[in-house]
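# Residue-level structure breakdown
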Amino acid sequence: MTIRPILIAPDKRLKLRSNPVGEVDGEIRTLLDDMLETMYADDGLGLAAIQVGVPKRVVVIDVHGPDDPPAPIKLVNPEILWFSPERMVYEEGCLSFPEYFADVERAAEVRVRYLDENGDAQEIEAKETLAVCLQHEVDHLDGKLFVDHLSLVKRGIIMRKLAKARRAEAKSA
Ligand code: NI
């Protein structure tokens, strides 16, 4: 497994719509394993393939508690079939927005269909952190970022700070 570099906002590729996977083959399984390794190395709860520059509908998630063993979920072509009418607010972060967190309102529960690493169709119902993660990661596949759920003002502040940090980094490099 290989840790891959994560794209940091504002990077135009993060706004791309990712393509469906035709066949879950060895290349996709390697991508899934690399993404998990990359996510764990950065203490993330979820990662979409576009965050490592691959515009494919591939996601990994692990929301296990600090005292529980790892519980990775590998999702290919995930699709949200149902959103609960109940909503919840959760403080979200994103590996493409290091050190930024913001309250985002989403559906409290979702039902998701996807292909597992063997190409078999699976369905899960999720609530709480897993429901948040699933919605956040599927958004990535459509080029939507968690800051897109915030007000224009809040999003502007975050994006300007990130752009500034990036310029400073480019200068010192
Ligand atoms: Ni994210």
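See above for the structure.
Now for a quick tour of the structure. (Residues numbered from 1 in each chain as written. Predicted model: local features only at pLDDT ≥ 70, side-chain atom pairs only at ≥ 80, totals over all residues. Heavy atoms only, no water.)

### Comments concerning the overall build of the protein chain
A count of helical and extended segments in the protein chain gives three helices and seven strands. For the protein chain, whose C-alpha radius of gyration is 16 Å, the value lies close to the compact-globule estimate of 16 Å for 173 residues. For the protein chain, the spread of C-alpha atoms along the three principal axes comes to 45 × 40 × 35 Å. Counting all 173 residues of the protein chain, 43% fall into the buried class. The contacts of the protein chain with a sequence gap of at least 6 include a subset with a gap of at least 24, amounting to 64%. For the protein chain, the exposed area adds up to about 9,500 Å²; of that, 51% sits on carbon and sulfur atoms. The positive charge centre, built from 23 side chains, and the negative charge centre, built from 31, are 11 Å apart in the protein chain. (Helix = DSSP H or I, 4+ residues; strand = E, 2+ residues; numbered from the N terminus. Rg over C-alpha atoms; globule rule 2.2 N^0.38 Å. Buried < 20%, exposed > 50% of the residue type's maximum accessible area, 1.4 Å probe, protein only. Contact = heavy atoms within 4.5 Å. Areas by Shrake-Rupley, 256 points an atom, 1.4 Å probe, with all protein chains shown as cover. Lys, Arg positive; Asp, Glu negative; His and termini not counted. Charge placed at Lys NZ, Arg CZ, Asp CG, Glu CD.)

### Some words on the nonpolar core
Counting residues in each nonpolar core, the largest one holds 18 residues, and the members touching the most others are I61, L75, V110, V112 and L134. Broken down by secondary-structure element, the contributors of at least two residues to this core are strand 2 (58-61), strand 3 (73-83), strand 6 (109-115) and helix 2 (128-141). It is helix 2 that contributes the most residues to this core, six residues altogether. Not counting residues within four places of it along the chain, the set of residues in contact with I61 comprises M39, L45, G46, A71, P72, I73, L75, L130, C133, L134 and E137. Grouped together as the second largest cluster of nonpolar side chains are 17 residues, V21, M35, L36 and V52 included. (Core = buried A, V, L, I, M, F, W, Y, C linked by side-chain atoms within 4.5 Å.)

### Some words on the coordination of the nickel ion
Looking at the nickel ion, the protein donor atoms are C94 (SG), H136 (NE2) and H140 (NE2), and they sit 2.1 to 2.3 Å from it. Considered as a linear motif, the donors of the nickel ion on their single chain read C-x41-H-x3-H. With C94 in the loop between strand 4 (87-92) and strand 5 (102-107) and H136 in helix 2, this residue pair connects regions lying 42 residues apart in the sequence. The class for C94 is buried, based on a relative accessible area of 11%. Of the residues examined, H136 reaches a relative accessible area of 7% and is grouped as buried. (Donors = N, O, S within 2.8 Å, 3.2 Å for Na, K, Ca; no water.)

### Quick look at the packing of aromatic side chains
Across all of its chains, the model carries one aromatic pair by this definition. Plain terms: the ring middles of F97 and F146 are 5.2 Å apart, the flat faces sit at 90° to each other, and that makes the pair edge-to-face. Taken as a pair, F97 in the loop between strand 4 and strand 5 and F146 in the loop between helix 2 and helix 3 (152-172) lie far apart in primary sequence, 49 residues in all. (Phe/Tyr/Trp six-rings, centres within 6.5 Å; stacked < 30°, edge-to-face > 60°.)

### Structural notes on the environment of M39
Among the secondary structure elements, M39 is positioned in helix 1 (residues 26-41). For M39, a relative accessible area of 0% puts it in the buried group. Along the chain, M39 and I73 lie 34 residues apart, while their C-alpha atoms are 12 Å from each other.

### Some thoughts on the pattern of salt bridges
Tallying each qualifying case throughout the model produces 15 salt bridges. For K15, the salt bridge identified is with D148, shortest N-O distance 3.0 Å. Taken together, the positions of K15 in the segment before helix 1 and D148 in the loop between helix 2 and helix 3 put the pair 133 residues apart, joining distant regions of the chain. For K15, a relative accessible area of 45% corresponds to the partly exposed category. One salt bridge connects K74 with E117, and the closest N-O pair in it is separated by 3.0 Å. Here K74, found in strand 3, pairs with E117, found in the loop between strand 6 and strand 7 (121-127); they are 43 residues apart in sequence, far enough to count as distant. Judged by relative accessible area, which is 15%, K74 ranks as buried. The network of salt bridges with shared partners includes K15, D148 and R155. (Salt bridge = Lys/Arg side-chain N within 4 Å of Asp/Glu carboxyl O.)

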